[in-house]
Amino acid sequence: MAVNMAQETRQETGEVPPLDPARIRADFPILAATVHGNPLVYLDNAATTQKPRAVLDAIARYYTEYNANVHRGVHYLSQVATEAYDEARRKAAAFLGATVDCEVIFTRGATESINLVAHSYGRQHVLPGDEILITGMEHHSNIVPWQILCKESGATLRVVPIDDDGNLIMEEFDRLLNERTRLVAVTHVSNALGTVNPIRDIAAKTHAVGAVVLVDGAQSAPHMPVNVRELGCDFFVCSGHKMYGPTGIGLLYGRAELLDAMPPYQSGGDMILSVTFEKTIYGRLPSKFEAGTPHIEGAIGLAAALDYLNAQGLDRVAAHERGLIRYAESALRAVPGLRLMGAPRQRAGVIAFTMDAAHPHDIGQVLDEAGVAIRAGHHCAQPVMKRFGVPASARASFGLYNTRDDVDTLVQGLHEVNRIFA
Ligand code: PLP
């Protein structure tokens with residue numbers, strides 16, 4: 001974290017040149033599209049991000065130049081594909097700050113990564129009377145797997161509440177954490193509120209009671225430098241498609257000693273050392289957790305996305321988006337009848353709001369007519385909606401290619417909502 005702060009200071013003192021969104025936008029072919037006759041303004045990045053040409057080209061190159069299965073063939077194409085797949089893992093491990101490459105497992109996404117930990121680590125370690133601690137701002141993907149595990153194991157799910165600003169109530173965290181806690185599962189950044197949680201503090205306290213911490217990084221990894229060792233987490237999960245990479249590929253980071261001791265999640269080809277009808281010896285990390293033919297082009301595309309993010313610099317991405325969010329917060333506050341949902345101490349990526357004049361779905365519809373893509377609904381975080389007493393919210397979420405012009409077009413659209421419905 002000290003490194004990140006130093007990077008931020010460099011950015012603020014102008015040592016690092018700021019991102020040039022105009023140049024970046026040219027890398028994303030889809031951003032030239034029009035929607036209902038208007039230029040596309042894409043503000044649904046928390047749902048999924050658009051893909052730069054470098055990612056599209058890397059996937060096309062795989063299929064046109066070296067398509068083959070990995071880890072199986074002695075032939076040339078298979079060797080090239082295997083090298084690219086292994087290289088993707090090296091890049092992912094470096095991106096997350098893992099100690100060794102085999103601490104990174106390729107999965108289908110954040111959801112599958114959490115399920116892997118719940119099924120494998122959870123079934124091994126969580127017993128009747130134990131507790132699992134989550135927070136009131138989790139995505140359903142970081143709630144339901146723990147609910148199922150608790151039901152199966154006889155453990156209890158405890159939930160750390162959030163305050164009216166959308167911050168975690170850390171006094172409640174301290175109160176709920178105890179020697180029965182086996183695992184804390186917490187989002188790094190809330191997809192419904194944009195709240196950035198104090199992971200280092202949470203991880204240190206969790207370890208002090210002998211439990212492990214899983215961090216849901218689906219909404220942090222695209223927006224800020226992440227280093228799993230600096231965060232002090234035991235598991236970290238994220239999704240390629242929210243990081244400018246393809247769908248269907250995600251990452252699970254786990255500390256090697258934990259992953260090593262965990263049983264397989266799925267079984268079959270590729271995850272074994274030897275099989276007889278009497279006995280199977282499982283493969284070593286990471287193959288133990290990657291049964292079957294993997295999502296090869298997904299890993300290659302994700303590696304290209306990580307290269308792209310690294311080339312821009314995550315510190316510069318974070319600074320650019322911070323500036324944009326500050327600008328958007330004050331512009332949105334000036335729209336009559338609009339209420340921001342939460343005012344977290346630290347925010348990344350997301351601003352959610354409601355309007356007196358219209359339901360979020362109507363807001364989304366009017367904005368869509370203007371070419372502006374936002375999200376309207378519960379954002380797979382129904383407990384957050386309940387906490388704020390609303391059935392749904394409108395959510396604008398930002399990426400490295402968004403500009404103040406995008407925010408201005410959004411705000412214009414919201415004035416149009418008022419004109420139509422108020
Ligand atoms: N966690 C958070 C915070 C999310 O925002 C999302 C997706 O929106 C997920 C988990 C699930 O990600 P995926 O659907 O890519 O598995």
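Structure: above.
Below you will find a few notes about this structure. No experiment lies behind these values; they were computed from the predicted model shown.

This next bit is on the state of the cysteines. Across all of its chains, the model carries zero disulfides by this definition. The cysteine Cys380 is free of any disulfide, with Cys238 supplying the nearest cysteine sulfur at 18 Å. Cys380 sits in the partly exposed class, given a relative accessible area of 32%.

With that out of the way, let us pick up the pairing of strand E5 (residues 131-135). Burial analysis of E5 places five of its five residues in the buried class, which makes it a mostly covered element. With burial as the criterion, each face of E5 is covered, one bearing Glu131, Leu133 and Thr135 and the other bearing Ile132 and Ile134. Chirality of the crossover, the property in question, places the unit of E5, helix H6 (residues 144-153) and strand E6 (residues 156-160) among those that are right-handed. When E5 meets strand E7 (residues 181-187), the two strands line up parallel, connected through three bridges. Each bridged residue has a counterpart across the sheet, and for Ile132 the counterpart in E7 is Leu183.

Take the site of the ligand next. Close to the ligand lie 14 residues; Thr111, Asp216, Gln219, Ser239 and Lys242 are nearest. Take His241: an N or O atom from its side chain is 2.7 Å from an oxygen atom of the ligand. Contact between the ligand and Lys242: an oxygen atom at 2.6 Å from a side-chain N or O atom of the residue. Burial of the ligand by the protein amounts to 86% of the accessible area it has alone, namely 390 Å². Each residue belonging to the shell around the ligand can be placed in one class, and the counts come to three nonpolar, nine polar and two charged.

So, on to a nonpolar patch on the surface. A contiguous nonpolar patch, built from Ile272, Val275 and Tyr282 and spanning about 270 Å² of accessible area, is present on the exposed surface. Within the fold, Ile272 resides in strand E11 (residues 272-275). Given a relative accessible area of 30%, Ile272 falls into the partly exposed group.

Attention now goes to the nonpolar core. Ranked by size, the top nonpolar core spans 77 residues in total, and within it Leu96, Phe236 and Leu400 carry the most contacts. Among the elements that line this core, the one with the most residues is helix H11 (residues 296-312), at 10 residues. Dropping the residues within four chain positions of it, Leu96 is found in contact with Val104, Val226, Asn227, Val228, Phe236, Leu251 and Tyr253. Ala110, Leu116, Val126 and Leu149 belong to the second-largest nonpolar core, a separate cluster that totals 28 residues.

Before going further, it helps to examine the packing of helix H13 (residues 360-369) against helix H15 (residues 404-421). Where H13 contacts H15, the axes come no closer than 9 Å and their chain directions differ by 120°. In terms of orientation, H13 and H15 fall into the oblique class. Regarding H13 and H15, the two cross each other, and that crossing is right-handed. Here Asp362, Ile363, Val366 and Leu367 of H13 lie close against H15, whose contacting residues are Leu410, Gly413, Leu414, Glu416, Val417, Ile420 and Phe421. Classifying every residue of the contact of H13 with H15 by side-chain character gives eight nonpolar, one polar and two charged.

Within the secondary structure, Tyr42 sits in strand E3 (residues 41-42). Here the alpha-carbon distance between Tyr42 and Glu138, two residues 96 residues apart in the chain, equals 24 Å. When residues no more than four places from it in sequence are discounted, the contact partners of Tyr42 are Leu31, Thr48, Gln50, Ala373, Tyr401 and Asn402. A polar side-chain atom of Tyr42 sits 3.1 Å from the main-chain carbonyl oxygen of Asp44.

What counts and what doesn't
- Residues numbered from 1 in each chain as written.
- Predicted model: local features only at pLDDT ≥ 70, side-chain atom pairs only at ≥ 80, totals over all residues.
- Heavy atoms only, no water.
- Disulfide = S-S within 2.5 Å.
- Buried < 20%, exposed > 50% of the residue type's maximum accessible area, 1.4 Å probe, protein only.
- Helix = DSSP H or I, 4+ residues; strand = E, 2+ residues; numbered from the N terminus.
- Right-handed = clockwise from strand over helix to strand, strands pointing away.
- Pairing = 2+ DSSP bridges.
- Near = heavy atom within 4 Å.
- Polar contact = N/O pair within 3.5 Å; in protein donor to acceptor, adjacent residues only side chain to side chain.
- Areas by Shrake-Rupley, 256 points an atom, 1.4 Å probe, with all protein chains shown as cover.
- Nonpolar A, V, L, I, M, F, W, Y, C, P; charged D, E, K, R; others polar.
- Patch = residues over 30% accessible without salt bridge, like charges linked within 9 Å, V, L, I, M, F, W, Y side chains within 5 Å.
- Salt bridge = Lys/Arg side-chain N within 4 Å of Asp/Glu carboxyl O.
- Core = buried A, V, L, I, M, F, W, Y, C linked by side-chain atoms within 4.5 Å.
- Contact = heavy atoms within 4.5 Å.
- Axes fitted to C-alpha atoms, helices over the stretch in contact; angles between N-to-C directions.
- Parallel < 35°, antiparallel > 145°, perpendicular 65-115°, else oblique.
- Left-handed = near helix turned anticlockwise from the far one by under 90°.

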